[in-house]
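# Coordinates in review
Listed below are the residues making up each chain.
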Amino acid sequence: MVDLYFELQYGRLYEKLENGICDVYEFSHRLGTVRHMFIKREIPERIDGQIYYDIVTPYGYGGPMLSGCLPENRQELTREFHAAFSRYCAEEHIVSEFIRFHPVLNNADDFKEIYDVRYMRPTVGTNLLSFDDPVAREFSKTAKKNIRNAIGEGVQHRLIENPDNLDAFKEIYYATMKRKNADDYYFFDDEYFDGLLKTFGNQMLITEASYKNRTIGMALTFKYRNFLHTHLSGTNAEYHHLYPAYVMQFALVRWGKENGFHLLHDGGGLTNSLEDSLYMFKKQFGKHTKFPFQVGRKVWNPEIYWLLCSAAGTETESDFFPAYRDRNTKTVTTA
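To start, this report covers the structure provided alongside it. Just so you know, these numbers come straight off a predicted model, no measurement behind them. (Residues numbered from 1 in each chain as written. Predicted model: local features only at pLDDT ≥ 70, side-chain atom pairs only at ≥ 80, totals over all residues. Heavy atoms only, no water.)

### Quick notes on the packing of helix H5 (residues 141-152) against helix H8 (residues 244-258)
Direction vectors running N to C along H5 and H8 enclose 100°, while the axes themselves pass 9 Å from each other. In terms of their interaxial angle, H5 and H8 are classed as roughly perpendicular. In contact with Ala143, Asn146, Ile147, Ala150 and Ile151 of H5, H8 contributes Tyr246, Val247 and Phe250. A breakdown of the residues in the contact of H5 with H8 according to their chemical character gives seven nonpolar, one polar and no charged. (Axes fitted to C-alpha atoms, helices over the stretch in contact; angles between N-to-C directions. Helix = DSSP H or I, 4+ residues; strand = E, 2+ residues; numbered from the N terminus. Parallel < 35°, antiparallel > 145°, perpendicular 65-115°, else oblique. Contact = heavy atoms within 4.5 Å. Nonpolar A, V, L, I, M, F, W, Y, C, P; charged D, E, K, R; others polar.)

This is the structure:
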């Protein structure tokens, strides 16, 4: 696979969270191959007794990916894929699709004729390949100052490769989610973490910041081929004045550079605003490196989509997609 997010076992980790089944559609053609992984979810509303479905990217990034195709044939291959996948969606009673394209691989560009592709926000990375000293070149002056002060105060850091358990991480992660009043979706349960460890334990890194033998921050990162992907993290609010998140980022970047990785991808903010606090924080570690996060929307069955929206009491042109799953609208009961 070109990245962890396209592994079938990765997608299956999110079946329970999305209440669906992870599947892969592979289109083979003389011009190349298109591989598309998604989670297929049953739509609760029935239309004339028929069960319908929609499909969505597993948590993180994904979307269809081309391989074995010459540059001059990419457009034709995507058109052939479109025709074949349209038939598949009709046969499988799939009404709509929502894709979170991969910002670094930028696979959205190949599919702008097929999907309603929308730019959402920038994501941030730290370029480990192009700079001899990524900390010096990519980190902001404030970030470097905070790291120097924290280490001067006695904050220590270490990295744990291929951890054999996630107990300590879960403790600090859950405390952080509670403090931030995070959505229930982000309270991943023990089954998720156990599956993560069992399936991708060899692709995991735990970064830890500590002070006087007490853990004050932990981060979980995926390592896959040349990429490092930050996944989840938590910090102890009592020690925020010691900048544990900055120290962990410093340790991770230094480790990644020393071990031959090309990029640490941190993702973006929680909103599309350039003033988003999470985005502003991440920007401090990637002054020169950013990637576009784009999503794709597709209504494969317009007639059924309209009926589902009518049953849910939503407008078909809603900003939320698919509109019939908008939890902020009042469901209309149909006879």
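Moving on from the coordinates now.
### A few points about H5
Helix length check: H5 (twelve residues) gives 16 Å between terminal C-alpha atoms against 16 Å at 1.5 Å per residue, within 8%. Buried positions along H5 lie against H8. Positive phi appears at Gly154, one or two residues downstream of H5, with a value of about 110°. (Expected span 1.5 Å × (residues − 1).)

### Considerations on unusual backbone geometry
Between Phe321 and Pro322 the backbone carries a cis peptide bond, its omega angle lying at -10°. For Pro322, the position within the fold is in the segment after helix H10 (302-312). The phi torsion at His93 lies on the positive side, around 60°, for a residue other than glycine. Relative to the assigned elements, His93 resides in the loop between helix H3 (74-91) and strand E5 (94-100). Take His93: its relative accessible area is 30%, and that puts it in the partly exposed class. The phi angle at Asn181 is positive, at roughly 50°, despite the residue not being glycine. Its place among the elements puts Asn181 in the loop between helix H6 (167-179) and helix H7 (190-200). Of the residues examined, Asn181 reaches a relative accessible area of 68% and is grouped as exposed. (Buried < 20%, exposed > 50% of the residue type's maximum accessible area, 1.4 Å probe, protein only.)

### What to know about H6
Spanning 13 residues, H6 covers 19 Å between terminal C-alpha atoms, matching the ideal 18 Å at 1.5 Å per step. Every buried residue of H6 is listed here: Phe169, Lys170, Ile172, Tyr173, Thr176 and Met177. Here the buried face of H6 lies against H7, strand E8 (204-211), strand E9 (214-224) and strand E10 (227-235). Where H6 terminates, the next one or two residues include Asn181, which has phi positive at roughly 50°.

### Observations regarding the pattern of salt bridges
Within the structure shown, the criterion is met by 16 salt bridges. We note a salt bridge from Asp109 to Lys112, for which the minimum N-O separation is 3.2 Å. You can call Asp109 partly exposed: its relative accessible area is 44%. Here Lys112 falls in the partly exposed class, since its relative accessible area comes to 46%. (Salt bridge = Lys/Arg side-chain N within 4 Å of Asp/Glu carboxyl O.)

In short, geometric facts, not functional conclusions.
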